[in-house]
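Survey of secondary and tertiary structure
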Amino acid sequence: MIEVPLWQSRFVVPGAAVELFLAELEDTGISVAAFEEARDGGADGALWRIELMHRGEPDQQELAARLAPLAERSGLDRIDLTIAPLAATDWLARVAESFTPRRIGRFWVHGSHLRAAPPTGTVAIELDAGLAFGSGEHESTRGCLLALDDLARRRRFRRVLDVGCGSGILAIAAARCWPAAVLAVDNDQGAVAVAAANARRNDAERVRTAHSDGYRSREVRAGAPYDLILANILADPLCDMARDLARHLAPGGTAILAGLFDKQAPRVIGVHGAAGLRLRARLDLGIWTTLVVTKRRRTPDAATRGPGPPAPGRLRPHDPAADRGSEECGAGGAAASVATRRSGAWR
Ligand SMILES: C[S@@+](CC[C@H](N)C(=O)[O-])C[C@H]1O[C@@H](n2cnc3c(N)ncnc32)[C@H](O)[C@@H]1O
């Protein structure tokens with residue numbers, strides 16, 4: 001049972017403005033999401049409804065002041081803002097609604113209210129996300145699960161860290177792929193509790209949870225180095241934490257980065273390249289991008305040998321011409337072994 005009073009604010013913008021509003025409002029309220037409205041067939045194309053969820057009633061004037069410059073940048077005369085309390089029953093219904101079971105790679109992600117037998121050959125993950133992010137419906141989570149699915153075909157990991165675990169979905173998925181010790185951390189105490197409950201629900205006893213702001217906790221430091229780090233956060237915190245990530249990753253280790261828009265990818269790749277992480281794969285789902293990066297092995301040999309051949313498995317060599325300008329790996333240099341996947345396919 002969710003006891004906090006939830007409020008929702010919403011307004012409609014043209015499709016061209018959605019990315020700006022999502023990016024600028026990402027730290028407003030508990031969550032921000034965009035939903036395509038019915039096409040009106042007008043010259044401007046589809047309209048999108050932006051919904052913000054708030055713990056408690058938001059300050060209307062403050063919110064309007066936040067939206068005004070964004071409207072101006074988008075060439076909008078005005079924004080009609082609606083603010084209303086969200087009944088707990090509405091919220092629970094929405095959670096259940098968005099929790100239709102879904103197959104993502106090998107994973108079958110379903111809410112605890114649906115316990116039908118999973119399709120043969122799938123790995124079931126049962127979740128109650130509550131207010132924590134991560135039921136698999138979001139492209140950034142989906143991208144991470146697909147990256148995990150892909151890595152599980154050809155790699156084994158022993159120590160995994162999930163930074164910004166939300167519901168714990170990625171940590172649980174990782175524990176299902178490998179007999180690894182998995183540490184799931186979040187800076188939201190509520191999410192940590194939800195992740196712990198979900199780990200128990202899935203008998204994922206190798207998943208431990210802890211409160212941590214990024215890498216700044218005793219638990220995270222004690223568990224390092226990790227050979228796999230999962231971080232589905234947002235572009236700015238990812239960039240802020242790039243050096244911490246590099247420090248906590250073992251040489252040759254892999255990280256999955258998500259929560260960024262495709263347009264933010266060059267910056268995120270560049271910052272991680274400068275921290276010594278090389279882009280290995282990229283997946284674009286809608287406007288959301290997932291990156292797989294690896295830390296160099298610190299052998300003198302490796303330093304002079306260059307990026308080396310593509311990793312075996314499903315990831316294929318990157319064709320720079322197909323993705324010009326988006327694979328600047330900072331100090332990492334050429335992207336000879338980068339694989340990219342657009343619209344659901346690794347390339
Ligand atoms: C987009 S959700 C991802 C949840 C889940 N890992 C998934 O893939 O669906 C991002 C999560 O990161 C957490 N977060 C944001 N900044 C953080 C930070 N500095 N340290 C730890 N967690 C953070 C948020 O509380 C939220 O639960």
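The structure presented is a predicted model; accordingly, all values stated were derived computationally and were not measured. (Residues numbered from 1 in each chain as written. Predicted model: local features only at pLDDT ≥ 70, side-chain atom pairs only at ≥ 80, totals over all residues.)

With that out of the way, let us pick up the sheet that holds strand β7 (residues 123-127). Note on sheets: strands pair through backbone hydrogen bonds, and any given pair is parallel or antiparallel. Taken in spatial order, the three strands line up as β5-β6-β7 in an open sheet, and their pairing is mixed. Both outer strands of the open sheet, β5 (102-104) and β7, are each paired with one neighbouring strand and no more. On average, adjacent strands in this sheet sit at an angle of 25° to one another, irrespective of strand direction. With five bridges connecting them, strand β6 (residues 107-111) and β7 associate as parallel partners. In the sheet register, histidine 110 faces β7, and the bridge partner there is glutamate 126. (Pairing = 2+ DSSP bridges. Helix = DSSP H or I, 4+ residues; strand = E, 2+ residues; numbered from the N terminus. Axes fitted to C-alpha atoms, helices over the stretch in contact; angles between N-to-C directions.)

Judged by nonpolar contacts, the single largest core of 68 residues is most densely connected at Ala171, Ala173, Ala174, Ile229 and Leu238. Counting residues per element, this core draws most heavily on helix α5 (residues 169-177), at eight residues. If we ignore the near neighbours within four places in the chain, the residues touching alanine 174 are Leu148, Val160, Asp162, Ala180, Val182, Leu228 and Leu230. Membership of the second largest hydrophobic core comes to 10 residues, among which are Val13, Ala17, Phe21 and Trp48. (Core = buried A, V, L, I, M, F, W, Y, C linked by C-beta atoms within 7 Å. Buried ≥ 20, exposed ≤ 12 C-beta atoms within 10 Å, placed from the backbone. Contact = placed C-beta atoms within 7 Å.)

Between helix α4 (residues 139-152) and α5, the least distance of the axes is 10 Å, while the angle of their chain directions is 10°. Between α4 and α5, the angle falls in the class roughly parallel. α5 is crossed by α4, and the crossing has right-handed handedness. Residues Thr141, Cys144, Leu145, Leu148 and Ala152 of α4 lie in contact with α5, whose contacting residues are Ile169, Leu170, Ala173, Ala174 and Cys177. Broken down by class, the residue content of the contact of α4 with α5 amounts to nine nonpolar, one polar and no charged. (Parallel < 35°, antiparallel > 145°, perpendicular 65-115°, else oblique. Left-handed = near helix turned anticlockwise from the far one by under 90°. Nonpolar A, V, L, I, M, F, W, Y, C, P; charged D, E, K, R; others polar.)

For the rest of this paragraph, the subject is α4. For α4, spanning 14 residues, the distance from its first C-alpha to its last is 20 Å, which sits close to the expected 20 Å at 1.5 Å a residue. Of all 14 residues in α4, 11 are buried, a share of seventy percent or more. Within α4 the residues assigned to the buried category are Ser140, Thr141, Arg142, Gly143, Cys144, Leu145, Leu146, Ala147, Leu148, Asp150 and Leu151. (Expected span 1.5 Å × (residues − 1).)

Before going further, it helps to examine the pairing of strand β3 (residues 47-55). In the sheet, strand β1 (residues 6-14) pairs with β3 via nine bridges, with the strands oriented antiparallel. Across the sheet, arginine 10 pairs through a bridge with glutamate 51, a residue of β3. Where strand β2 (residues 31-36) lies against β3, six bridges are found, and the strand directions are antiparallel. Counterpart to alanine 34 in the pairing with β3 is isoleucine 50.

The strand order β2-β3-β1-β4 describes an open sheet built from four strands, whose pairing is antiparallel. Edge strands, defined here as strands with exactly one partner in the open sheet, are β2 and β4 (82-86). When the angles between neighbouring strand axes are averaged without regard to direction, this sheet yields 25°. The pairing of β1 with β4 spans five bridges and is classified as antiparallel. Following the sheet pairing, glutamine 8 is matched in β4 by alanine 84.

Moving on, we get to the confidence of the model for the chain. The predicted coordinates should not be examined in detail at positions where pLDDT is low. Averaged over all residues, the pLDDT of the chain equals 81, while 76% of them reach at least 70. Low pLDDT, under 50, characterises residues 299-338; the predicted model gives this stretch 73 contacts beyond four residues in sequence or across chains. (pLDDT = per-residue confidence, 0-100.)

Our next topic: the environment of threonine 294. Within the secondary structure, threonine 294 is located in strand β14 (residues 288-295). Put simply, threonine 294 and threonine 254 are 40 residues apart on the chain and 4.3 Å apart in space, counted from C-alpha to C-alpha. When neighbours within four sequence positions are excluded, threonine 294 is seen to be in contact with Gly252, Gly253, Thr254, Leu277, Arg278 and Arg280.

Structurally, arginine 297 is set in the loop between β14 and α11 (300-305). Taking the number of C-beta atoms within 10 Å as the measure of exposure, arginine 297 has 14 and is therefore partly exposed. When the C-alpha positions of arginine 297 and proline 251 are compared, they lie 4.6 Å apart, and in sequence the two are 46 residues distant.

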